[in-house]
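Architecture at a glance
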Amino acid sequence: MATSQEVMQVKQMVREAMQEEGVSADTLIRLGQMAEAVLKDKSLYPQFIQAIIDNDLAEEEDISTEIDYELIGVFATLGEMTRQMIASGELGA
Amino acid sequence: MANWKKFKKFVQKVAKPVAAVAAIAFPALIPAIGSAIAGSTATAAVASAVGAAALAGGASAIAGDSTKEILTNAALGGAIQAVTGGGLLSGTTPATGTTAISGNYSAVSPTQLSATVASQGLIPSVLSSVSNFTGLSTDTLGKLGSAGVQALLSSAGASQIAQQGREAAQTQADAQVRAAQIAADAAKFRPVGVTTRFGQSAFATDAQGNVIGAGYSASPEILGYQNRLSALANQGLTQAEQAATAYQPLTGAAQSLFSLGQGYLAKSPEQAAADYISKQQALLAPSQENQLALLQNKLFQQGRTGAATAQGGNLMATNPEMAAYYNSIAQSNLALAAQADQEARNRITFGGGLFNTGAGLQNQFYSGQTAAYAPFATAMDTSSGLESLAQQPMNLGTSIGAKTTASTAEAGRLLSGGITSAAATMAPSNAYSASGNLLTGVANNPMVTGAINNAFGVSNAPKYQIINGQLVQVP
């Protein structure tokens, strides 16, 4: 089981990766919200994919029509962690 | 560089660690994924286990796959296509009725099943075996993918152990509650009814046996005495009320003595001595004058008035009788002067004594009134003593009840302790699950156990200790 200290370390890693690759907090939060929406209603998955393409986060040929729950879970967690980091002041809004 | 390339690199960097801490960073996520995969009818335990298995299963992004591989060949998607030939968007609906992990655990080893999944993939025959084992539909299992199913097999063991543990804990808790109820009932205070010649105890209890009242009733004999004493007490109280008036003369007498003593003490010792001499001389004066008249008359009758004889030396000539007379007066004055000092001290002492006497009278004014209360107080004390005699049955009942309650409570405590110990002794046995314990060896995926703990409300909060003044997290 991961510890809260490990969670803090992962958050630090995410912050660094965001800076290095130029990924904004807003992008992660929106992706997270969409991922959570897909978990609640799987029919929203196409819209989720379209949003990724529209935001130039993936190429069309990369997209699968099948739901990758692991990836969805990672996106949802990233969104939640980003919200937490903004709330705690670890990350600028 | 295009945004999508940067984003791919970002995902490759963070996906694995984020997935590893997802259960802690976002606890609601695991059951949400599980519900999405297993269907809304899945129980919380199943949803948590399936969700954890899905999140732990592929980790394709972590391995550095391309975005395409991540999005298309992630464990779940690939497995679904391989086994069922359809995806989530193909209209395939999760099987219903799979709301519990209740397969025949003893028939097939989960380790063997897991090994088969690893070696053969999720071919229909393997899916069927896993479905029989876990109770989940092949469709749901297909969505989990190969790695996810292996994680689920591990979680099945953990889940079963958790369920067994929960039931064992409930059994133990029930036993402890029953033991506590027995101990509490045994510890209830149970007074004993007692009757003596002087009275009878009276305890009141409610339907549950709780004491809600305590009292006593005096015997007719005691009541009769108390009634007569009450009459005496009334009379004594009346006397006490009249005492102040009765003793009032003492106060007047005391004031008179104080005034008289003040007169004696108002003079100095010399004044007192002079007064003494004056008063004594005044007392002697009439007799001395009478003696002088008699002497003068005698001398006149003898014709010797004015006759004087020489006394020798430088003393003048005088009449012997007259000389004796005046010498006696001088001697008397000398004696008075010698006594005057002592008499002055005596008079001052006498004045002080008058004060003492007056103070004594004043004190008697008060002590007399206090003593006047004695008849009333005696009657009341006697009546109170009779009341104590009547009260004894209640006190005896309380005392005996306390002793018997203590022994009963001890018996209840021993019984309670025995039940609790027995429950503790049986707890491991109750929690034991042959198949569950067998699965323990493979149920070591922290994310899976974390999800199960979350599902069962088990806290995974980190533990801290203060070491050398620092708050340090400990295992």
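Since the model is a prediction, treat every value here as computed from it, not as a measurement. Along each chain, residue indices are assigned from 1 in the same order as the chain's sequence is written. Here chains are named by letter from A upward and ligands by number from 1 upward, in the order in which they appear as written. Given that the model is predicted, a residue must reach a pLDDT of at least 70 before its local features are reported, and side-chain atom pairs must reach 80 or more before they are shown or counted; all residues, however, enter totals for whole chains, interfaces and linings.

1. Re the overall build of chain A
Counting its secondary structure elements, chain A contains four helices and zero strands. Working definition: helices are DSSP H or I runs of at least four residues, strands are E runs of at least two. Numbering for both runs from the N terminus. Going from the N terminus to the C terminus, chain A shows its helices and strands as α-α-α-α. Any residue surrounded by 20 or more other C-beta atoms within 10 Å of its C-beta is treated as buried, while 12 or fewer makes it exposed and the intermediate range makes it partly exposed; C-beta atoms here are placed from the backbone. Per-residue burial over chain A gives 43% buried out of 93 residues. C-beta atoms are first placed from the backbone for all residues, and any pair lying within 7 Å is then listed as a contact. When contacts within chain A are restricted to residue pairs at least 6 apart in sequence, those whose partners lie at least 24 apart make up 72%.

2. With respect to the nonpolar core
Membership of the largest hydrophobic core comes to 73 residues, with the highest contact counts inside it found for Ile72 and Leu78 of chain A together with Val18, Ala22, Ile33 and Val50 of chain B. If we skip the residues at most four places from it in the chain, Val50 of chain B touches Gly34, Ile37, Ala38, Ala42, Thr140, Leu144 and Leu152 of chain B. The nonpolar core criterion groups buried Ala, Val, Leu, Ile, Met, Phe, Trp, Tyr and Cys residues into a set whenever they are joined through C-beta atoms within 7 Å.

3. Concerning the environment of Lys143 of chain B
For Lys143 of chain B, the position within the fold is in helix α8 (residues 138-186). Separated by 89 residues in sequence, Lys143 of chain B and Ala54 of chain B have C-alpha atoms that sit 8.3 Å apart.

4. Structural notes on the packing of helix α9 (residues 220-246) of chain B against helix α12 (residues 320-372) of chain B
All names here are of chain B. One way to put it is that α9 packs onto α12 with a least axis distance of 8 Å and a crossing angle of 170°. With respect to each other, α9 and α12 are oriented roughly antiparallel. Here Gln239, Ala240, Ala243 and Ala244 of α9 come into contact with α12, specifically with Gly368, Gln369 and Ala372. In terms of residue class, the contact of α9 with α12 is made up of four nonpolar, three polar and no charged. Interaxial angle, 0 to 180 degrees, is taken between N-to-C directions of lines fitted to C-alpha atoms, where a helix line uses only the stretch in contact. Orientation categories follow fixed angle ranges, with anything under 35 degrees roughly parallel, anything over 145 roughly antiparallel, 65 to 115 roughly perpendicular, and all other angles oblique. The residue classification treats Ala, Val, Leu, Ile, Met, Phe, Trp, Tyr, Cys and Pro as nonpolar and Asp, Glu, Lys and Arg as charged. All others, Gly included, are polar.

5. Digging into the environment of Ser119 of chain B
Residues and elements named next belong to chain B. Summarising the element assignment, Ser119 is placed in helix α6 (residues 110-120). Judged by the 8 C-beta atoms lying within 10 Å of it, Ser119 falls in the exposed class. A C-alpha to C-alpha distance of 9.8 Å links Ser119 and Ser146, two positions 27 residues apart in sequence.

6. Considerations on helix α7 (residues 124-134) of chain B
Residues and elements named next belong to chain B. When we look at burial in α7, the residues that qualify are Val126, Leu127, Val130, Ser131, Phe133 and Thr134. All buried residues of α7 lie within an arc of 160° about the axis, which places them on one face of the element. Residues Pro124, Ser125 and Ser128 are exposed on α7 and point more than 90 degrees away from its buried face. Summarising the geometry, the arc corresponds to the directions from the helix axis toward the C-beta atoms.

7. Quick notes on the pairing of strand β2 (residues 211-218) of chain B
Strand pairing is defined by DSSP finding a minimum of two bridges between the two strands. The pairing of strand β1 (residues 199-205) of chain B with β2 of chain B spans seven bridges and is classified as antiparallel. Considered in β2 of chain B, the bridge of Gln200 of chain B is made with Ser217 of chain B.

8. Thoughts on helix α2 (residues 29-38) of chain B
Residues and elements named next belong to chain B. Among the ten residues that make up α2, ten are buried, leaving the element largely enclosed by the rest of the structure. Every buried residue belonging to α2 is among Leu29, Ile30, Pro31, Ala32, Ile33, Gly34, Ser35, Ala36, Ile37 and Ala38, and all of these are buried. Of the residues trailing α2, Gly39 is marked for its positive phi of about 100°.

9. Describing the packing of helix α10 (residues 248-265) of chain B against α12 of chain B
For any two helices packed against each other, the geometry is given by the interaxial angle and the distance between the axes. Residues and elements named next belong to chain B. Remark: α10 packs on α12, axes separated minimally by 8 Å, with the N-to-C direction vectors making an angle of 165°. Classified by the angle between their axes, α10 and α12 sit roughly antiparallel to one another. Pair α10 / α12 crosses with left-handed handedness. Within the contact of α10 with α12, the residues separate by chemical class into 15 nonpolar, eight polar and one charged. Note on convention: the crossing is left-handed when the near helix lies turned anticlockwise from the far helix by less than a right angle, right-handed when the turn is clockwise.

10. Here we look at the confidence of the model for chain B
All names here are of chain B. For chain B, per-residue confidence averages 75 on the pLDDT scale, and 73% of positions sit at 70 or higher. Think of pLDDT as the predictor's per-residue confidence, scored from 0 to 100. Per-residue pLDDT stays below 50 along residues 58-107; that stretch engages in 137 contacts with residues further than four places along the chain or on separate chains. Confidence drops under a pLDDT of 50 for residues 432-459, and excluding neighbours within four residues, the segment shows 82 contacts in the predicted structure. In the predicted assembly, ipTM is 0.91 and pTM is 0.37.

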